[in-house]
Amino acid sequence: LGSPNRYQTAMADNGARKLTQSVFDLMFGLYAHHVPGCKFTVLDVKMQGGNSFAGSRCRVLLHKITKGIVNASGFMFGGSVSAITDLVTSCLVMACQMQARKPLTLHVSIALNVEFLSAAKLGDALLIDVGIDKIGKHLAFTSADYYSVPEDAKLDGNDVLVTDLKRLRYRSRHSKKLLDLKLQDTLPPDLKTYWNQKFGSIGSLPASKL
C-alpha cells in the first residue's frame, strides 16, 4: 500500500476497494447505533489470495468523531474504540471471504485489547489501519491502529489525500472465533433479500452464491 503517510483513493479505486466499502456501508448501517453520525471511507485495500487472508490490510478514514461517541470530557469513549475495532476487523474478514468467493461465516470476539496512547477529541478525523495478522480454520487474529489526521488534510469528494499523519492514538488487537454457521443462514428473510440486492450489484459475488 506504499508509504503509511500518503494515500489517494483514485489510485486504489478497484473492485476490492469497492467491495470493501460496500461491506462497510452495510455493516455500519446495521450497527449505526454504536457509531451515531460517523462516516467511514475505505481509502485502499490489499487482499491476499489463496486459502489464507493473512496479511490482508485496508485503511479507513473516520471523517469526524461525533458527539455520539465521546465522553463527558469531549474525548473519544473507550467503548467506541472497541466497538469500531470489532466492526472494521469483521468487515475486512468478510470482504476477503467475498472476494475469494468463500462462504461468509459468523465470527465472535474472544479477546480484544486496546492501548489508549493519546486521546482523540470531538471533531477529530482518524485514519484506521486494519489488518488480518493471522487466520486459521477456527481463529482470526486482527489489528486496528488509529492515527490522527491533520486538520489541513485534503478531503475533496472521492479524492482523499492524507499526508503527514500525526500521532498514533489507539492500538488494538482483536481475536475472533470463526463459526461453522454461515452468515446467510442466520439472516431474517427481509435482511437476506437486502443483502443479496446490495452485493448482487457490485459484480464480485453473484447474489445466487450468498
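Residues numbered from 1 in each chain as written. Predicted model: local features only at pLDDT ≥ 70, side-chain atom pairs only at ≥ 80, totals over all residues. Heavy atoms only, no water.

A. Region of the structure containing a nonpolar patch on the surface. Nonpolar side chains collect at one region of the surface, where Val-108, Ile-110, Leu-139 and Phe-141 lie side by side and expose about 310 Å² of accessible area between them. Among the secondary structure elements, those contributing two or more residues to the nonpolar patch are strand 4 (105-116) and strand 6 (139-148). Tracing the backbone shows Ile-110 in strand 4. (Patch = residues over 30% accessible without salt bridge, like charges linked within 9 Å, V, L, I, M, F, W, Y side chains within 5 Å. Areas by Shrake-Rupley, 256 points an atom, 1.4 Å probe, with all protein chains shown as cover. Salt bridge = Lys/Arg side-chain N within 4 Å of Asp/Glu carboxyl O. Helix = DSSP H or I, 4+ residues; strand = E, 2+ residues; numbered from the N terminus.)

B. Main features of helix 2 (residues 78-99). Here helix 2 contains 22 residues, and its C-alpha end-to-end distance of 32 Å stays within 8% of the 32 Å for a straight helix at 1.5 Å per residue. Burial analysis of helix 2 places 16 of its 22 residues in the buried class, which makes it a mostly covered element. Of the residues flanking the end of helix 2, it is Arg-101, one or two places downstream, whose phi is positive at about 55°. (Expected span 1.5 Å × (residues − 1). Buried < 20%, exposed > 50% of the residue type's maximum accessible area, 1.4 Å probe, protein only.)

C. Structural detail: the pairing of strand 6. With seven of its ten residues buried, strand 6 lies for the most part within the structure. Taken together, the nine bridges between strand 5 (residues 126-135) and strand 6 define a ladder with antiparallel strand orientation. By the bridge assignment, Lys-134 is partnered in strand 6 with Phe-141. The turn joining strand 5 and strand 6, which pair antiparallel and follow one another in sequence, is formed by three residues. (Pairing = 2+ DSSP bridges.)

D. Region of the structure containing the nonpolar core. Among the nonpolar cores identified, the biggest contains 43 residues, and Phe-40, Ile-84 and Ile-128 are the most heavily contacted of them. Those elements that place two or more of their residues in this core are helix 1 (15-30), strand 2 (40-46), strand 3 (57-62), helix 2, strand 5, strand 6 and strand 9 (168-182). It is helix 2 that contributes the most residues to this core, eleven residues altogether. Discounting chain neighbours no more than four positions away, the residues touching Ile-128 are Phe-40, Cys-58, Arg-59, Val-60, Ile-84, Val-88, Ala-144, Asp-145 and Tyr-146. By size, the runner-up hydrophobic cluster in this structure holds five residues, among which are Leu-43, Leu-61, Ala-125 and Val-149. (Core = buried A, V, L, I, M, F, W, Y, C linked by side-chain atoms within 4.5 Å. Contact = heavy atoms within 4.5 Å.)

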